[in-house]
Amino acid sequence: MNRRDLSDDDTGPIRRVTDTPSGRPPGTSRSPRRTPPEGVRRPRPPAAAERPRAAVPGRRRATEPKPAPVGHGHAHGHGPAAPASRRVRLLLMWLLIPLAVATVAGMVLLYPWGKDPAKSAFPQGTPVNATITATITGPCLAEGQVQVGEPAPDAKPCLTSELTMTDGPGAGKPLKLTLPIEPSTPRFAAGDKVVLSYNGGDAANPASFQIVDFQRGTPLLLLAGLFALAVIVLGRWQGLAALIALGLSFLVLALFVLPSILAGESPLLVAIAGAGAIMFVALYLTHGLSARTSVAVLGTLVSLILIGVLSAIFSAAASLTGLDDSTSQLIGSLGHGIDARGLLLAGVVIGALGVLDDVTVTQTSAVWELRRANPSLGWRELYGAGLRIGRDHVGSAVNTLVMAYAGAALPVLLYTSLSGVGLGSILGAEDIAQEIVRTLAGSVGIVAAVPVTTVLAALIASREPQESR
């Protein structure tokens, strides 16, 4: 009778893998040598020619397989998944097909068919590209005015920029614009490529134009190209599939989520339908049509529902209105009301989707590899071993989400800290409380995604017949 390994509680049942021959002669064992009872003669050791070669301490036998390392791994690629059995495929189809049909039906019902695209109630101007040729700092004077005497001590200086428009109604013509220098004013210099706002008036009148921003197209395209190159070099075909999935996700946001919300549909329902579409497209396109990917989809969906429910409950309990500065500006531009709290909840759901995909795919891959390493493991053993792997992932995933939201809210945090009130008042402010609800609700969903996805993967993987692995 073999003695229980003392480290089983730490490493899990995967240490007892015995499906590969060890190369040890029959009748031998790793059990410690026992002293025979008194009166029983010890068998004579075999002759030198018959005696198996003694194992050198610290050296592994050539025929003995190396134990598979078990631990936390962040990579999602584990080679092509083995084909699922017919029973598992039917089970997953019964679970996922209704969800896919509901997602498509939701997108069809929520899309603003036949409605004109929403437009701003306030004229935003037409963007025109220009290049600054020279800048002069001096007193703020209108066209044709001359400074007489010394300016007042408290007078603010202005920056006069000479520009050449590169497109629009005044392409190739010079232009001179003056704007006051404030702490929030960008620092323009000669050679800068800028964007002007043209209000549709006389193209020869400088009052028809206003400097609004820098041109950033070229550096952004270069960075996007570098990102795509890095993904393809490392991920190869799977990296290319991930890039295609990313592009399709942006299309869902741009062509469905944004128009539907602007048309007055419920932001939360639109976000749920859009997140479902992104989830199906991104996961299946990136990781393939397999049983393990289907389990990741189920785990992601369950966790998204939990995040939405928690966000709705606690945003209502905390009396969050969702009316921060950006939302108030949006409502003013639309000219009609919008569900601001629903918009807040929609941001929570969509923001947590990317991290959830990462967690659920990693957990399903871990459970499937454990099952492949030892097909005799039951679902409880698979769940326990997979959960131990998932604990390592939870800490890093939650920290990622918290830091992402904290980084996005950093200007708000800095501005609120200037008020001089206590920490409780700062954390209870609308802008800060929104980020707290986003962070904590998303983090609870990420934590819950580990056991939920692991138990689903263990239940389904354990039903696979051993010959299909």
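Rules of the game
- Residues numbered from 1 in each chain as written.
- Predicted model: local features only at pLDDT ≥ 70, side-chain atom pairs only at ≥ 80, totals over all residues.
- Heavy atoms only, no water.
- Pairing = 2+ DSSP bridges.
- Helix = DSSP H or I, 4+ residues; strand = E, 2+ residues; numbered from the N terminus.
- Axes fitted to C-alpha atoms, helices over the stretch in contact; angles between N-to-C directions.
- Parallel < 35°, antiparallel > 145°, perpendicular 65-115°, else oblique.
- Left-handed = near helix turned anticlockwise from the far one by under 90°.
- Contact = heavy atoms within 4.5 Å.
- Nonpolar A, V, L, I, M, F, W, Y, C, P; charged D, E, K, R; others polar.
- Buried < 20%, exposed > 50% of the residue type's maximum accessible area, 1.4 Å probe, protein only.
- Disulfide = S-S within 2.5 Å.
- Polar contact = N/O pair within 3.5 Å; in protein donor to acceptor, adjacent residues only side chain to side chain.
- Core = buried A, V, L, I, M, F, W, Y, C linked by side-chain atoms within 4.5 Å.
- pLDDT = per-residue confidence, 0-100.
- Phe/Tyr/Trp six-rings, centres within 6.5 Å; stacked < 30°, edge-to-face > 60°.
- Salt bridge = Lys/Arg side-chain N within 4 Å of Asp/Glu carboxyl O.
- Expected span 1.5 Å × (residues − 1).
- Bend = angle between axes of the 7 residues up to and from the residue.

Looking now at the sheet that holds strand β1 (residues 126-138). Spatially, 5 strands are ordered β3-β2-β1-β4-β5 in an open sheet, and the strand pairing comes out antiparallel. Sheet topology places β3 (174-180) and β5 (209-214) at the edges, where each strand pairs with a single neighbour. Averaged over all neighbouring strand pairs, the angle between strand axes comes to 45 degrees, with direction disregarded. Sheet analysis places β1 next to strand β2 (residues 158-165), joined by 8 bridges and oriented antiparallel. Across the sheet, G138 pairs through a bridge with C158, a residue of β2.

What follows deals with the packing of helix α4 (residues 267-287) against helix α7 (residues 340-373). Running from N to C, α4 and α7 point in directions that differ by 20 degrees, and their axes come no closer than 9 Å. Classified by the angle their axes make, α4 and α7 are roughly parallel. Here α4 runs over α7; the crossing is right-handed. Residues P267, L268, A271, A275, I278, M279, L283 and H287 of α4 touch α7, and the partners they reach there are G342, L343, L345, A346, V349, I350, L353, D357 and V361. Its residues assigned to classes, the contact of α4 with α7 shows 14 nonpolar, 2 polar and 1 charged.

To continue, consider the pairing of β3. Judged by which residues are buried, β3 turns out to be one-sided: L175, L177 and L179 face inward and are buried, whereas P174, K176, T178 and P180, on the alternate face, are not. The sheet contact formed by β2 and β3 spans 7 bridges and is antiparallel. Each residue of the ladder has a partner; that of E162, found in β3, is K176.

Turning our attention to the state of the cysteines. Under the criterion given, the structure shown has 1 disulfide. Across a sulfur-sulfur distance of 1.6 Å, C140 and C158 are joined as a disulfide pair. Negative torsions about the S-S bond denote left-handed disulfides, and the value of about 95 degrees found for C140 with C158 makes this one right-handed. Placement of the pair is C140 in the loop between β1 and β2 and C158 in strand β2, with a sequence separation of 18 residues.

Across the chain, the bulk of peptide bonds are trans and the bulk of non-glycine residues have phi less than zero. Despite not being glycine, R236 shows a phi value in the positive range, around 55 degrees. Along the chain, R236 falls in helix α3 (residues 217-262). The phi dihedral of S319 falls on the positive side, at around 55 degrees, and the residue is not glycine. Mapped onto the elements, S319 comes out in the loop between α5 (291-317) and α6 (325-334).

This part is about the environment of I338. Counting through the fold element by element, I338 comes out in the loop between α6 and α7. Here the alpha-carbon distance between I338 and L262, two residues 76 residues apart in the chain, equals 8.2 Å. Filtering out sequence-adjacent residues up to four positions away, I338 remains in contact with I261, L330 and I331.

This paragraph deals with the packing of α5 against helix α11 (residues 430-461). At a closest axis distance of 8 Å, the pairing of α5 and α11 adopts a crossing angle of 150 degrees. One element, α5, and the other, α11, form an angle in the roughly antiparallel class. Crossing of α5 over α11 shows right-handed handedness. Here V295, L298, G299, V302, S303, L306, I307, L310 and S311 of α5 lie close against α11, whose contacting residues are V437, A441, G442, V444, G445, A448, A449, V452, T453, L456, A457 and I460. Grouping the amino acids of the contact of α5 with α11 by side-chain chemistry returns 15 nonpolar, 6 polar and no charged.

Another aspect to go through is the side chain of S260. Along the chain, the position of S260 falls in helix α3. Accessibility expressed as a relative area gives 0% for S260, which makes it buried. Within the structure, the side chain of S260 is placed 2.7 Å from the backbone oxygen of F256, a separation counted as a polar contact. Discounting residues that sit within four places of it in the chain, S260 has contacts with L110, Y111, P112, E265 and V270.

This part covers the nonpolar core. Core analysis: the biggest nonpolar cluster contains 49 residues, and L92, M279, V297, W368, L382 and I446 have the highest contact counts within it. If you list the elements that add at least two residues to this core, you get α2 (86-110), α4, α5, α7, α8 (379-408) and α11. Counting residues per element, this core draws most heavily on α7, which supplies 13 residues. Excluding residues within four positions of it along the chain, M279 makes contact with V297, T300, L301 and L353.

What follows is about the confidence of the model for the protein chain. Looking at the protein chain, the pLDDT average stands at 79 and 77% of residues meet or exceed 70. Looking at the elements of the protein chain, mean pLDDT is at its lowest for helix α1 (residues 8-11), recorded as 45, and at its highest for α3, recorded as 94.

With that out of the way, let us pick up the packing of aromatic side chains. Within this structure, the stated rule accounts for 4 aromatic pairs. Relative to Y284, the ring of F280 has its centre 6.3 Å away and its plane inclined at 15 degrees; by these criteria the two rings are stacked. With a gap of 4 residues between them, F280 and Y284 both fall in helix α4, about one helical turn apart.

For the rest of this paragraph, the subject is the pattern of salt bridges. Charged atoms that come close allow side chains of opposite charge to pair. Scanning all chains against the criterion turns up 4 salt bridges. D213 serves as the salt-bridge partner of R216, at 2.8 Å between the closest nitrogen and oxygen. Between R292 and E369 there is a salt bridge, with its nearest N and O atoms 3.4 Å apart. Here R292 is found in helix α5, whereas its partner E369 is found in helix α7, with 77 residues between them in sequence.

What follows concerns the environment of I446. Note on placement: I446 falls in helix α11. Judged by relative accessible area, I446 falls into the buried class, the value being 0%. Between the C-alpha atom of I446 and that of D358, which follows or precedes it by 88 residues, the distance is 9.8 Å. If sequence neighbours within four positions are ignored, I446 has contacts with V355, L356, V359, A397, V398 and L401.

With that settled, consider α11. In this model α11 runs 45 Å from its N-terminal to its C-terminal C-alpha over 32 residues, within 8% of the 46 Å that 1.5 Å per residue would give. Along α11, the largest kink reaches about 30 degrees and is centred on A449; proline P451 follows within four residues of it.

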